[in-house]
Amino acid sequence: MGSVKEYFSNLGSGIASLLKGMQVTGKEFVTPKITEEYPDNRDNLPVADRFRAVLTLKYDDQGNHKCIACGTCERVCPNSTINLDIKTVETWDGKKKKKLDKYMYDLGSCTFCQLCVTNCPTDALEFSNDFEQAVFTRSKLVKKLNYLPEKEEPQPTPEEIARMKAEKEAKIAAAKAAAEAKKAAAAGAAPKVAEAAPAPKAAEPNDAAAKALAAAAGDPVKEAKIRAALEKAAVLKAQREAGKTPDAN
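The rules behind these values
- Residues numbered from 1 in each chain as written.
- Predicted model: local features only at pLDDT ≥ 70, side-chain atom pairs only at ≥ 80, totals over all residues.
- Heavy atoms only, no water.
- Buried < 20%, exposed > 50% of the residue type's maximum accessible area, 1.4 Å probe, protein only.
- Helix = DSSP H or I, 4+ residues; strand = E, 2+ residues; numbered from the N terminus.
- Pairing = 2+ DSSP bridges.
- Salt bridge = Lys/Arg side-chain N within 4 Å of Asp/Glu carboxyl O.
- Phe/Tyr/Trp six-rings, centres within 6.5 Å; stacked < 30°, edge-to-face > 60°.

(A) Molecular detail of the pairing of strand β4 (residues 125-128). Side-chain alternation along β4 places L125 and F127 on a buried face and E126 and S128 on a face that remains uncovered. The pairing of strand β1 (residues 54-57) with β4 spans four bridges and is antiparallel. Directly across from L55, in β4, lies its bridge partner F127.

(B) Representation of the pairing of strand β3 (residues 96-106) within the structure. Relative to β3, strand β2 (residues 82-90) runs antiparallel, the two being bridged by nine bridges. In the sheet register, T88 faces β3, and the bridge partner there is K98. Linkage of β2 to β3, two consecutive antiparallel strands, is achieved through a turn of five residues, within which G94 is found at a positive phi near 90°. Note: β3 against strand β5 (residues 142-144), three bridges, orientation antiparallel. Each residue of the ladder has a partner; that of M104, found in β5, is K144.

(C) Quick peek at the pattern of salt bridges. Across all of its chains, the model carries four salt bridges by this definition. K96 serves as the salt-bridge partner of E90, at 3.7 Å between the closest nitrogen and oxygen. Just as E90 is exposed, K96 falls in that class too. Here E167 makes a salt bridge to R163, at a shortest N to O gap of 3.3 Å. Of this pair, E167 and R163 both sit in helix α4 (residues 158-187), four residues apart, which is roughly one turn of the helix.

(D) Spotlight on the packing of aromatic side chains. Considering all chains together, one arrives at four aromatic pairs under this definition. Pairing Y38 with F131 gives two aromatic rings, centres 5.9 Å apart and planes at 50°, and the pair type is tilted. Residue Y38 is found in the loop between α1 (2-30) and β1, and its partner F131 is found in the loop between β4 and β5; the two are separated by 93 residues along the sequence. Taking relative accessible area as the criterion, Y38 reaches 40% and is therefore assigned partly exposed. Look at F112 and F127: their rings are 6.0 Å apart centre to centre, the planes differ by 55°, and that puts the pair in the tilted class. Separated by 15 residues along the polypeptide, F112 in the loop between β3 and α3 (115-119) and F127 in strand β4 bring together distant segments of the chain. A relative accessible area of 27% means that F112 is categorised as partly exposed.

Right, here's the structure in full:
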């Protein structure tokens, strides 16, 4: 009698255990799967947007990047992962300008700290989530980020060149007028004659001044500066002419 009772007791506990196991198994049938069939699903493999795989240089639709070769990313990199080759070019107006030649990046030593991205002043860098970077030799981990040919410096139009030259001449004329006025004030050039003489009119603009005024059309600040420089020049001219008369002493 005891063996029969023990048999049914063990049978009941076995059935309960089986049902409990089937309950766990049943939940797994409706649980979302996390296993990925890589590489069969390479085309639609979900990768987190914040995943950092490799540093890239941003290019726009016209094949231009925003790197100005300042070297900030190279300086802040904690383990010399970035190496910039910079060249100096001459612009159309004779000035010197730094330009990127090669942007070399060693993926094998990158710690993905993103200091280069956060410190870039022109937002020219970003980390992609392309994780397929396995290679057989370490040398292949060294990448050239500016993979497109570097473009030549854009040349300004003749109108832009004329406008910039006129602005430059206007600044030079204003600086010379200010220097002459300061020099005349220091030498005390004929204050009485200047007070007695009527206020001189602004000198008639020469070709350079006329070009400067034409270039500054539409910009009240620049136009006011140019006219002030012309008025100072007229005052100095009047003072010099008055200093030549016998009453100047």
